[in-house]
Amino acid sequence: MPYFTASQTQSDRTSKVLADIFCALLLGTFSLVFFGLVGGLIAFVLLEACLLALDWVMPDGDDAAGVVR
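Everything numeric in this text was worked out from a predicted model, so none of it was measured. Residue numbering note: each chain is counted from 1, following its sequence as written. In keeping with the predicted nature of the model, local features appear solely for residues at pLDDT of at least 70, side-chain atom pairs appear and are counted solely at 80 or more, and the whole-chain, interface and lining totals rest on all residues. Excluded from the side-chain calculations are hydrogens and water; all other atoms, namely the structure's heavy atoms, are used.

1. Description of the overall build of the protein chain
Then comes step 1: In DSSP terms, a helix is any run of H or I states spanning at least four residues, a strand is any run of E spanning at least two, and both are numbered starting from the N terminus. Helix and strand counts for the protein chain stand at one helix and zero strands.
Then comes step 2: Sorting the 69 residues of the protein chain into buried and exposed places 9% on the buried side.
Then comes step 3: When checking whether two residues touch, look at their non-hydrogen atoms; a contact exists if any pair is within 4.5 Å. Excluding contacts between residues fewer than 6 apart, the proportion of contacts in the protein chain whose partners are at least 24 apart in sequence is 36%. Here's how the labels work: a residue is buried when its accessible area is under 20% of the maximum for its type, exposed when over 50%, partly exposed in between, all with a 1.4 Å probe on protein chains only.

The following block contains the structure:
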């Protein structure tokens, strides 16, 4: 699934990028505060990898019906 779908406008795309940056900064801050420097970096990388994987498998309106990834 592409990061941007064909039905999104430029403002939707900009908002999506800004929201992802804000969430990454927030998650990174929480990871560093709760787990320290090394643990926080590891937790941040694992969490971002899981979130990107989840974004990859979630269907959207542009996918054909019955598509399984």
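2. Looking at the packing of aromatic side chains
Then comes step 1: Only Phe, Tyr and Trp rings are paired, with Trp represented by its six-membered ring, and only when their centres lie within 6.5 Å; those with planes under 30 degrees apart are stacked, over 60 edge-to-face, the remainder tilted. Tallied over the entire structure, the rule returns one aromatic pair.
Then comes step 2: Judged by centre distance (6.3 Å) and plane angle (45 degrees), the ring pair of Phe30 and Phe34 falls under tilted. Of this pair, Phe30 and Phe34 both sit in helix 1 (residues 10–57), four residues apart, roughly one helical turn.
Then comes step 3: Residue classification places Phe30 among the partly exposed positions, given a relative accessible area of 43%.
Then comes step 4: Judged by relative accessible area, which is 64%, Phe34 ranks as exposed.

3. Considerations on helix 1
Then comes step 1: The span one expects for a helix is its residue count, reduced by one, times 1.5 Å. Here helix 1 spans only 23 Å end to end across 48 residues, well under the 70 Å set by a 1.5 Å rise per residue.
Then comes step 2: Among all positions of helix 1, only Gly28, Ser31, Gly40 and Ala43 are buried.

4. A look at the side chain of Ser31
Then comes step 1: Relative to the helices and strands, Ser31 is located in helix 1.
Then comes step 2: Any pair of nitrogen or oxygen atoms within 3.5 Å is treated as a polar contact; in protein, a donor-acceptor pairing is required on top of that, and neighbouring residues in sequence qualify only through side-chain atoms on both sides. A polar contact of 2.9 Å, which involves the side chain of Ser31, links it to the backbone oxygen of Leu27.
Then comes step 3: Those residues in contact with Ser31 that lie beyond four places of it in its chain are Gly36, Gly40, Ala43 and Phe44.

5. Observations regarding the layout of surface pockets
Then comes step 1: Site definitions follow a grid-based scheme: protein atoms alone, a 1 Å grid, a 1.4 Å probe that fits but cannot get out for cavities, and for pockets an open set with protein on both sides within 12 Å along at least five of seven lines, plus lining residues having an atom within 4 Å of a point. Grid points are joined across faces, edges and corners, and a volume is the space filled by probe spheres set on the points. Taken as a whole, the largest pocket holds about 230 Å³ of empty space.
Then comes step 2: Along the walls of the largest pocket sit Tyr3, Lys16, Asp20, Cys23, Ala24, Leu27, Glu48, Leu51, Leu52 and Asp55, which together make up its complete lining.
Then comes step 3: In this classification, the charged set is Asp, Glu, Lys and Arg, the nonpolar set is Ala, Val, Leu, Ile, Met, Phe, Trp, Tyr, Cys and Pro, and all remaining amino acids, among them Gly, are polar. Its residues placed into classes, the lining of the largest pocket shows six nonpolar, no polar and four charged.

6. Some details on a nonpolar patch on the surface
Then comes step 1: A surface patch of nonpolar side chains, about 700 Å² in accessible area, is lined by Phe22, Leu26, Phe30, Val33, Phe34 and Phe35.
Then comes step 2: Its place among the elements puts Phe35 in helix 1.
Then comes step 3: A relative accessible area of 55% means that Phe35 is categorised as exposed. Here a patch means residues that are over 30% exposed by relative accessible area and free of salt bridges, tied together within 9 Å if like-charged and within 5 Å if nonpolar (Val, Leu, Ile, Met, Phe, Trp, Tyr). Every accessible area reported is derived by Shrake-Rupley at a probe size of 1.4 Å, with residue values counting cover from the shown protein chains alone. Every case where a carboxyl oxygen of Asp or Glu lies within 4 Å of a side-chain nitrogen of Lys or Arg is listed as a salt bridge.

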